[in-house]
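Residues per chain, in single letters:
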Amino acid sequence: MTKLLVTYICITVIPIVFLGYIAYSQYTKSIEEQVGENIPKILDQAHERINDYLRDVKELPDLLYNSGQVIEVLRKDSFQNKSSLLQDKFIVNSYLKRTYINGGNPDILGVFIFSKNRLFESSKVPYTGFENIELPYGQDMELEGKQAIIFPGQTDLKFIDNQPYILVMRQITDTENQMNLGTMFIAVEMTSFKTIFENIKTNKEAVISLMDVNGYIIYHSNLDFIGKTNKTLADYPNINGSFRTRYEEENRLISISRGGLDHWVLEHSVPLRNLTERTDMVRNTTIIVFMAVVLLSTIISIFLAWNVSRPIHRLTKLMKKVEQGNFEVDLSIKSSDEVGILAKSFNSMVLEIKDLIKMNYHIKLQQREAELYALQSQINPHFMYNTLETIGMAVEEGEDDTVVEMVSLLGRMLRFSINNKDKMVPIEQEIQHMKDYLTIQKIRFEDRIEFFIQEGINTNAYFTPKFILQPIVENAIKHGLDHQLHFKIEISIMKSPNKEALIFIVRDDGPGISEEILLELNRYLESNPMERRDSKFGLINVHGRVVMMFGEQYGIQIESMISKGTEVKVRIPLTTSEKLSEYTDGGGEFEYQAG
């Protein structure tokens, strides 16, 4: 079902989403391009209007030359009596008010003339900042190469309500005498600028600003920015046109118009999202419709996919049950399509597997029991014969105590051997069985054999498989006494370092095993332990029984050196009475083989 749904998404949803995204992107891009092409043209027209306006403003000082009386006052020396100075100020101030303030240009806020340390002025509104001005403005000032317009914030002159303005500066020259009479300042309100900018503002979030070449803001649609510097202007491309940028963590379209008499920069900035508001509304509507269609088609697809995948899902669950060993399953599907054929084949396969496992289980179980009993029954015919022969010799020689001891030991060994009910016995019983066996051998061979048993644990608290030590000890004694006069054997029981396993160590000082034979022996241990019937059968059977009962991480390890002796380690899990049922109910061995 997942594959069907993924296929549906791949062939329907993804292509539609991709095509919708491409169409929306191309449409918004075309809008940006159209706006980016049109706004710079509008800015160029606005720039022309600003230049025309500034050109008219810069010609305003020429009106001063229409009054010969004013020119005569300006020609006078500044050092005159107070009455003459007041009369001259009245003449000039009256002309300034009549000509400039009331002369028909509503944008003029004030007119100021500095001449020979005299200030003549006329203002439409109250002002501050020009009363005690100390500037090198006078008949000695040369304006060549200097700006003719002073921007807001560059002087201390302030009008009421902090009305924004520009200050047009012009030298007054006496053409007849070729001398400078002073400097004239005309403060022009930016009302006309505001009108021009409002006409080119595309929407309420658009920002219009007028800057000089250094980024100094002459006018801004947000009056708080007037007089500040746009430091990002230097990063703008040197073009008259539009480009995209990030401004205040928002994508914006910026349009630039450079030029004019003063090389001013006119900037129009608008968020891109404002350009695509209508497109976004169409996009959102389309997305809602698309999601509804996708939801409806997905429900239909899920219904169809479920009808196809439901039988397969049931088959998967039943296969997991079979995998866990439950063969009492039946996939009842009556359809005659491919899924129905698959269900019939599955049911047939389960029945066949169940029959094969049942037959195989009984055969293997019988084989293992037979092999175990055979191993126990042939624990030692030779040992029994030799022991009885030794008892007979002791009877002939009248060694009654020896006879009694050997008969007692042999009887206890036989009682331990014929008890086939217990596959796991306390380690104490296994060790006692080995003590009996080694004691009988000690009686037989007298000083030729020595044995030591070290118990490093509580042998009554843990359990071990029956008869895992005797085949190892028998093998060691047989080869040891065949090659040397005196033989010593040690048996140790201890816990592994991680306290999770028990280790039996059978160590002797016999002739040792050559490297070739040791490699062959280890290879036998890794093979099927029930396929060998040679002299190494005892060791291999012990290893096979341990592996089948506990797993491949347990078993026998052999280390040996020529003339140094041999060490056999038997590793089994640490088994207490609580865990005993795991290995004595018959299921553990079969589970290992099945795995």
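Calculation notes
Residues numbered from 1 in each chain as written. Predicted model: local features only at pLDDT ≥ 70, side-chain atom pairs only at ≥ 80, totals over all residues. Heavy atoms only, no water. Helix = DSSP H or I, 4+ residues; strand = E, 2+ residues; numbered from the N terminus. Buried < 20%, exposed > 50% of the residue type's maximum accessible area, 1.4 Å probe, protein only. Contact = heavy atoms within 4.5 Å. Areas by Shrake-Rupley, 256 points an atom, 1.4 Å probe, with all protein chains shown as cover. Axes fitted to C-alpha atoms, helices over the stretch in contact; angles between N-to-C directions. Parallel < 35°, antiparallel > 145°, perpendicular 65-115°, else oblique. Left-handed = near helix turned anticlockwise from the far one by under 90°. Nonpolar A, V, L, I, M, F, W, Y, C, P; charged D, E, K, R; others polar. Phe/Tyr/Trp six-rings, centres within 6.5 Å; stacked < 30°, edge-to-face > 60°. Lys NZ or Arg CZ within 6 Å of the ring centre and 35° of its normal. Salt bridge = Lys/Arg side-chain N within 4 Å of Asp/Glu carboxyl O. Lys, Arg positive; Asp, Glu negative; His and termini not counted. Polar contact = N/O pair within 3.5 Å; in protein donor to acceptor, adjacent residues only side chain to side chain. Pairing = 2+ DSSP bridges.

### A short note on the overall build of the protein
Within the protein, the secondary structure is distributed over 15 helices and 19 strands. Burial analysis of the protein (595 residues in total) assigns 42% to the buried set. Put simply, 63% of the contacts in the protein that link residues at least 6 apart link residues at least 24 apart. Of the roughly 34,200 Å² of accessible surface on the protein, 54% is carried by carbon and sulfur atoms.

### Let's talk about the packing of helix H2 (residues 68–75) against helix H3 (residues 82–101)
With their axes 10 Å apart at the nearest point, H2 and H3 run at an angle of 135 degrees to one another. By the criterion of interaxial angle, the relationship of H2 to H3 is oblique. Read as a crossing pair, H2 and H3 show a hand that is left-handed. Residue-level inspection shows Gln69, Val70 and Val73 of H2 in contact with H3, the latter providing Asp88, Ile91, Val92 and Tyr95. Grouping the amino acids of the contact of H2 with H3 by side-chain chemistry returns five nonpolar, one polar and one charged.

### Re the packing of aromatic side chains
Summed over the entire model, instances satisfying the criterion amount to six aromatic pairs. Judged by centre distance (5.4 Å) and plane angle (65 degrees), the rings of Phe416 and Phe467 are edge-to-face. Residue Phe416 is located in helix H9 (residues 400–418), and its partner Phe467 is located in the loop between strand E15 (463–465) and helix H11 (470–483); the two are separated by 51 residues in the primary sequence. Here Phe416 matches Phe467 in class, with each residue buried. When the centroid spacing of 6.2 Å and the interplanar angle of 75 degrees are considered together, the rings of Phe550 and Tyr554 count as edge-to-face. Accessibility classification places Phe550 together with Tyr554 in one group, the buried group. Here the aromatic residues Phe112, Tyr127, Phe159 and Tyr165 are joined through ring pairs into a cluster of three or more. Looking at Lys228, its charged tip hangs above the ring of Phe225, at a distance of 5.5 Å from the centre.

### Regarding the pattern of salt bridges
Any two side chains of opposite charge can pair, so long as their charged atoms come close to each other. All told, the structure shown has 11 salt bridges when counted by the stated rule. Arg170 serves as the salt-bridge partner of Asp62, at 2.8 Å between the closest nitrogen and oxygen. Of this pair, Asp62 sits in the loop between helix H1 (2–58) and H2 while Arg170 sits in strand E6 (residues 165–174); the two residues are 108 residues apart in sequence, bridging distant segments of the chain. Looking at Asp62, the relative accessible area reads 33%, which means it is partly exposed. Under the relative-accessibility criterion, Arg170 is labelled partly exposed at 30%. Salt bridges here are not isolated pairs; linked through shared partners, they connect Glu490, Arg507, Glu567 and Lys569.

### Concerning the packing of helix H8 (residues 381–396) against H9
Remark: H8 packs on H9, axes separated minimally by 9 Å, with the N-to-C direction vectors making an angle of 160 degrees. Here H8 is positioned roughly antiparallel relative to H9, judged by the angle of their axes. Judged by the twist between their axes, the crossing of H8 over H9 is left-handed. Contacts from Phe383, Met384, Thr387, Leu388, Thr390, Ile391, Ala394 and Val395 in H8 reach Thr402, Val403, Met406, Val407, Leu410, Met413 and Leu414 in H9.

### Points about the side chain of Asp107
Mapped onto the elements of the fold, Asp107 is located in the loop between H3 and strand E1 (108–115). Of the side chains with opposite charge, Lys124 comes closest to the buried, unpaired Asp107, at an N-O distance of 6.7 Å. A distance of 2.6 Å separates polar atoms of two side chains, one belonging to Asp107 and the other to Tyr53. Among residues more than four places away in sequence, those in contact with Asp107 are Tyr53, Lys124, Ala187, Val188, Glu189, Thr191 and Ser192.

### Structural notes on the sheet that holds strand E2 (residues 118–123)
Taken in spatial order, the five strands line up as E2-E1-E7-E6-E4 in an open sheet, and their pairing is antiparallel. Because the sheet does not close on itself, it has two edges, and the strands there are E2 and strand E4 (149–150). Pairing of E1 with strand E7 (residues 179–189), which is carried by six bridges, proceeds in the antiparallel orientation. Directly across from Phe112, in E7, lies its bridge partner Phe185. Sheet strands in contact with H3 are E1, E2 and E7, and its direction is about 35 degrees off that of E2.

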